[in-house]
Amino acid sequence: MRIDIITVEPDLIKSPFENSMMKRAIEKNLAEVHFHNLREYGFGNYRQIDDYQFGGGAGMVLMIEPIAKCIEKLKAEREYDEVIYMTPDAKTLNQATANTLSLKKNIIILTGHYKGVDQRVRDLFVTREISIGDYVLTGGELAAAVLCDAVIRLLPGVLGDETSALTDSFQDNLLAPPVYTRPADYNGLKVPEILLSGNFPKIEEWRADQAYKRTEMIRPDLLED
Ligand code: ADE
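Quick caveat: nothing in here was measured; it's all calculated off a predicted structure.

Colleague: Please set out helix H3 (residues 64-77) residue by residue, giving values where relevant.
Modeller: Given a rise of 1.5 Å per residue, 14 residues ought to cover 20 Å, and the 20 Å separating the end C-alpha atoms of H3 matches this to within 8%. Here H3 has its buried residues at Ile64, Pro66, Ile67, Ala68, Cys70, Ile71 and Leu74.

This is the structure:
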């Protein structure tokens, strides 16, 4: 999978890709990630990329031309399955979307800044808009990193069997059950007996029951779907 990220803050977004799982996925050639500094496509000596909004109002808006130039250059080089715009005014990212995107070959992720991008960018180029939650970040870079993490960890070969994504929270619309490790008794706080029993069918039953109860208590909305 190839991901091209268009950003005003390349340095801000790079670090998650230089560490941990995403770094390993890139080193193993399971994911290829490229960063494009929008400023390089800006106007004039100042490399202008934003301007005041028509109609007045606080906050600058990213102009269409620099973004169009960057997207068109990329599209001339290869076909893209999706152009994704990270923005708080969109549907919230969930596991189903991450699963869907993990099956794509080439995607572009556009990260917004300030008041966002000129609406015509969204109308003309964007195939999918994603928010990572109902709060506003300074820019879409961290949101893009979150999306990439959720997608890249699903690519075949990125996670070993022992950390398989299949047993994650949300894969079956349920939160994950509680987990325990040594010691079996910490100052009188004991690990549930069943987990020490060796009876694996019963353990699976217990986990399913715990996952359901946890979901019912914390995220009942997931059970409605
Ligand atoms: N940009 C700013 N806030 C965001 C959010 N919550 N999700 C995605 N992109 C964003």
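Following the structure, the description resumes.
Colleague: So what's going on with the sheet that holds strand E2 (residues 32-37)? Residues and values would help.
Modeller: Strands sit in the order E2-E1-E6-E5-E7 across an open sheet of 5 strands; the sheet is parallel. Each end of this open sheet is capped by a strand with a single partner; those strands are E2 and strand E7 (128-131). With direction set aside, neighbouring strand axes in the sheet form an average angle of 30°. As defined by bridge partners, strand E1 (residues 2-7) adjoins E2 across 6 bridges and the pair is classed as parallel.

Colleague: Got a sec to walk through the site of the ligand? Specific residues and values, please.
Modeller: In the vicinity of the ligand there are 13 residues, among which Thr87, Ile132, Gly133, Tyr135 and Leu137 approach most closely. The contact in question runs from a nitrogen atom of the ligand to an N or O atom on the backbone of Tyr135, over 2.8 Å. In isolation the ligand exposes 260 Å². Once the protein is present, 96% of that is buried. The set of elements that each furnish at least two residues to the shell around the ligand consists of strand E5 (82-92) and E7.

Colleague: Go over unusual backbone geometry with me, naming the residues and quoting the values.
Modeller: The omega angle of the peptide bond from Arg182 to Pro183 is 5°, so this bond is cis rather than trans. When you line up the elements, Pro183 lands in the loop between helix H6 (141-152) and strand E8 (185-186). Even without being glycine, Asn29 reaches a positive phi, approximately 60°. Mapping Asn29 onto the fold places it in the loop between helix H2 (20-27) and E2. For Asn29, a relative accessible area of 69% corresponds to the exposed category.

Colleague: Quick rundown of the domain arrangement of the protein chain? Include the residues and the values.
Modeller: By the assigned domains, the protein chain splits into domain 1 (2-152) and domain 2 (169-224). On a C-alpha basis, the centres of domain 1 and domain 2 stand 37 Å from each other.

Colleague: Hey, could you go over the environment of Pro156 for me, with residue numbers and the actual values?
Modeller: Position of Pro156 among the secondary structure elements: in the loop between H6 and E8. The spacing of Pro156 and Leu103 is 53 residues in sequence and 9.9 Å in space, taken between C-alpha atoms.

Colleague: Residue-level account of helix H7 (residues 200-218), with values.
Modeller: Taking 1.5 Å per residue, 19 residues should reach 27 Å; H7 reaches 26 Å between its end C-alpha atoms and fits that length. When H7 is considered as a whole, its buried residues turn out to be Ile203, Trp206, Ala211 and Thr215. Down the axis of H7, the smallest arc covering the buried residues is 165°, so these residues share one side. H7 presents Pro201, Glu205 and Met217 as exposed residues on the side facing more than 90 degrees away from its buried surface. Where H7 is buried, its residues meet helix H8 (220-224).

About the cut-offs
- Residues numbered from 1 in each chain as written.
- Predicted model: local features only at pLDDT ≥ 70, side-chain atom pairs only at ≥ 80, totals over all residues.
- Heavy atoms only, no water.
- Helix = DSSP H or I, 4+ residues; strand = E, 2+ residues; numbered from the N terminus.
- Expected span 1.5 Å × (residues − 1).
- Buried < 20%, exposed > 50% of the residue type's maximum accessible area, 1.4 Å probe, protein only.
- Pairing = 2+ DSSP bridges.
- Axes fitted to C-alpha atoms, helices over the stretch in contact; angles between N-to-C directions.
- Near = heavy atom within 4 Å.
- Polar contact = N/O pair within 3.5 Å; in protein donor to acceptor, adjacent residues only side chain to side chain.
- Areas by Shrake-Rupley, 256 points an atom, 1.4 Å probe, with all protein chains shown as cover.
- Domains from an automatic or database assignment.
- Arc of directions from axis to C-beta.
- Contact = heavy atoms within 4.5 Å.

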